[in-house]
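Chain and residue survey
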Amino acid sequence: MSEKKDVLILAIESSCDETAAAVVKNGREVLSNIISSQIALHTLYGGVVPEIASRKHIEKINQVIEAALEDAKVTLDDIDAIGVTYGPGLVGALLVGVAEAKAIAYAAKKPLVGVHHIEGHIAANFIEHKELEPPFFSLVVSGGHTHLVRVKDYGKFDIIGRTRDDAAGEAFDKVARAIGLGYPGGPKIDKVSKEGNPNAIPFPRAHIEDAPYDFSFSGVKSAVLNYINGCKMKDEEFKQADIAASFQKAVTDVLVANAMHAVEEYQVDKFAIAGGVASNSALRAAMKEACETRGVRFYYPSPIYCTDNAAMIGVAAYYEYMNGARSGWDLNAVPNLKLGER
Ligand code: KG4
Ligand code: ZN
């Protein structure tokens, strides 16, 4: 007799340099998605300064949450649960979101659901692909993570491969700085690469013999630095666009190769990419082609849901909430939280 009630999650994300809040309906519909980016501020220093990030989160978080509720045309009374990223990330930054979520949940007498940031990135795919359901495979490529993940069910993961050193996004950011593009590097390399030749410089592709799904990007990063130093010593000018395009090709080749190895080995039929680097145009194109030739359905979020946002945290929180997950008032920031742990 009773009609199924909509479940509304208010989600908060503050793990790095975006202060974000969102309202998500039934795990798939984004009613609001507010992001206050600190990029301009950190650009002055060439990267994220953790102490500045925490302070800015404190300044912005209340406004961002109010705007998220207002945009969604709801009040706290309408909200069923508060979802919040509690790791991994910068501890001081995470703490701001966690403390805020606890305070709201306590005051408004709402359940609290702590969310793993990477689980959020993967869940971003559910927003625009209503038909996508586990099981599927995912490649999570962000500034802090490079994970090849088997998504067994909502909130249930096996990590098949990971980076041994730098994350893919970290390599983009470091190389961008070295060739004079500045921070944040990923989008800038993506842009200038369009004017460069991806086959101009044969940067190395690391394959790890005994771990075919693992990644390593420190070698290609060093190779770029050595190449630039070599040019400087010979008093030769280097072509920024060619370096960018060749580096981007080296990284995406390895990401696609390992992902496709897993596709074949595990007989995957659905593949979703996630994280900031998933908005890279070369990676999207190469993954799409590789998936299509193997008859694998390929999914990717719009760029706004690839980089850090709270809508993705709201989606992940919804599925955790429906599975019965509840966090206590002792929920704490866990900077090195492992995927699949609660
Ligand atoms: O997911 P995200 O916003 O934050 C983390 O959880 O780390 O990812 C940020 C990373 C940065 O390293 C940024 O340079 C990279 O994603 N990124 C890109 C692109 N857009 C963002 N990398 C390559 N191509 C892009 N278009
Ligand atoms: Zn992220």
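Preceding this section is the structure that the text describes.
Figured I'd write up the structure that's included with this text. (Residues numbered from 1 in each chain as written. Chains lettered and ligands numbered in written order. Predicted model: local features only at pLDDT ≥ 70, side-chain atom pairs only at ≥ 80, totals over all residues. Heavy atoms only, no water.)

Before going further, it helps to examine the overall build of the chain. For the chain, the count of helices and strands is 12 helices and 10 strands. Taking 342 residues into account, the globule formula puts the C-alpha radius of gyration at 20 Å, and the chain, at 20 Å, falls close to it. Taking the principal axes of its C-alpha atoms as reference, the chain extends roughly 75 × 45 × 30 Å. A buried classification covers 55% of the 342 residues belonging to the chain. Sequence-distant contacts, at least 24 apart, represent 73% of the contacts inside the chain between residues at least 6 apart. When the accessible surface of the chain is summed, it comes to about 15000 Å², and 51% of that surface belongs to carbon and sulfur atoms. Seen as two clouds, the 36 positive and the 44 negative side-chain charges of the chain have centres 0 Å apart. (Helix = DSSP H or I, 4+ residues; strand = E, 2+ residues; numbered from the N terminus. Rg over C-alpha atoms; globule rule 2.2 N^0.38 Å. Buried < 20%, exposed > 50% of the residue type's maximum accessible area, 1.4 Å probe, protein only. Contact = heavy atoms within 4.5 Å. Areas by Shrake-Rupley, 256 points an atom, 1.4 Å probe, with all protein chains shown as cover. Lys, Arg positive; Asp, Glu negative; His and termini not counted. Charge placed at Lys NZ, Arg CZ, Asp CG, Glu CD.)

Counting 47 residues, the largest nonpolar core has Phe-203, Phe-247, Phe-271 and Met-287 as its most contacted members. At the level of secondary structure, the elements contributing two or more residues to this core comprise strand E6 (136-141), helix H6 (168-178), helix H7 (185-193), helix H8 (218-233), helix H9 (240-265), strand E9 (270-274) and helix H10 (281-293). Those residues in contact with Met-287 that lie beyond four places of it in its chain are Val-256, Ala-259, Met-260, Phe-271, Ile-273 and Phe-298. With 36 residues, the next largest nonpolar core counts Val-24, Ala-123, Phe-157 and Tyr-321 among its residues. (Core = buried A, V, L, I, M, F, W, Y, C linked by side-chain atoms within 4.5 Å.)

Here the zinc ion (ligand 2) is held by His-117 (NE2), His-121 (NE2) and Asp-308 (OD), and the distances to it run 2.0 Å. One can describe the site at the zinc ion (ligand 2) as tetrahedral: its four donor atoms subtend angles covering 95 to 130° at the metal. In the primary sequence, the donor residues of the zinc ion (ligand 2) line up as H-x3-H-x186-D. Placement of His-117 in helix H4 (residues 117-123) and of Asp-308 in the loop between helix H11 (303-306) and helix H12 (311-322) is noted, with a sequence separation of 191 residues between them. (Donors = N, O, S within 2.8 Å, 3.2 Å for Na, K, Ca; no water. Tetrahedral: all angles 85-135°; square planar, octahedral: opposite > 155°, others 65-115°.)

Running from N to C, H6 and H9 cross one another at 170°; their axes reach a closest spacing of 11 Å. In this view, H6 runs roughly antiparallel relative to H9, as classed from their interaxial angle. You can see that H6 and H9 cross each other, and the crossing is right-handed. Counting all contacts with H6, which are made through Ala-171, Phe-172 and Val-175, the residues of H9 involved are Phe-247, Gln-248 and Val-251. Tallied by class, residues from the contact of H6 with H9 come to five nonpolar, one polar and no charged. (Axes fitted to C-alpha atoms, helices over the stretch in contact; angles between N-to-C directions. Parallel < 35°, antiparallel > 145°, perpendicular 65-115°, else oblique. Left-handed = near helix turned anticlockwise from the far one by under 90°. Nonpolar A, V, L, I, M, F, W, Y, C, P; charged D, E, K, R; others polar.)

Space inside the largest pocket adds up to approximately 1000 Å³. In this structure, the largest pocket is lined by 39 residues; those nearest its centre are Cys-16, Ser-142, Gly-143, Asp-173 and Tyr-183. Elements that contribute at least two residues to the lining of the largest pocket include exactly strand E3 (29-37), H4, H6, H7 and H11. With six residues, the top contributor of residues to the lining of the largest pocket is H6. By residue class, the composition of the lining of the largest pocket is 14 nonpolar, 17 polar and eight charged. (1 Å grid on protein atoms, 1.4 Å probe; cavity = no way out; pocket = protein on both sides within 12 Å on 5 of 7 lines; lining within 4 Å. Points joined across faces, edges and corners; volume = space filled by probe spheres on them.)

Now for the site of ligand 1. The environment of ligand 1 is made up of 19 residues, and the closest members are Gly-143, Asp-173, Gly-186, Asp-190 and Asn-280. Ser-142 has a polar side-chain atom sitting 3.4 Å from an oxygen atom of ligand 1. The contact in question runs from an oxygen atom of ligand 1 to an N or O atom on the side chain of Asp-173, over 2.7 Å. For ligand 1, the cavity whose grid points lie within 2 Å of the majority of its atoms is the largest pocket. Broken down by secondary-structure element, the contributors of at least two residues to the shell around ligand 1 are H4, H6 and H7. Classifying every residue of the shell around ligand 1 by side-chain character gives four nonpolar, 12 polar and three charged. (Near = heavy atom within 4 Å. Polar contact = N/O pair within 3.5 Å; in protein donor to acceptor, adjacent residues only side chain to side chain. Sits in = over half its atoms within 2 Å of the grid points.)

Function-wise, these values are silent; they only describe arrangement.
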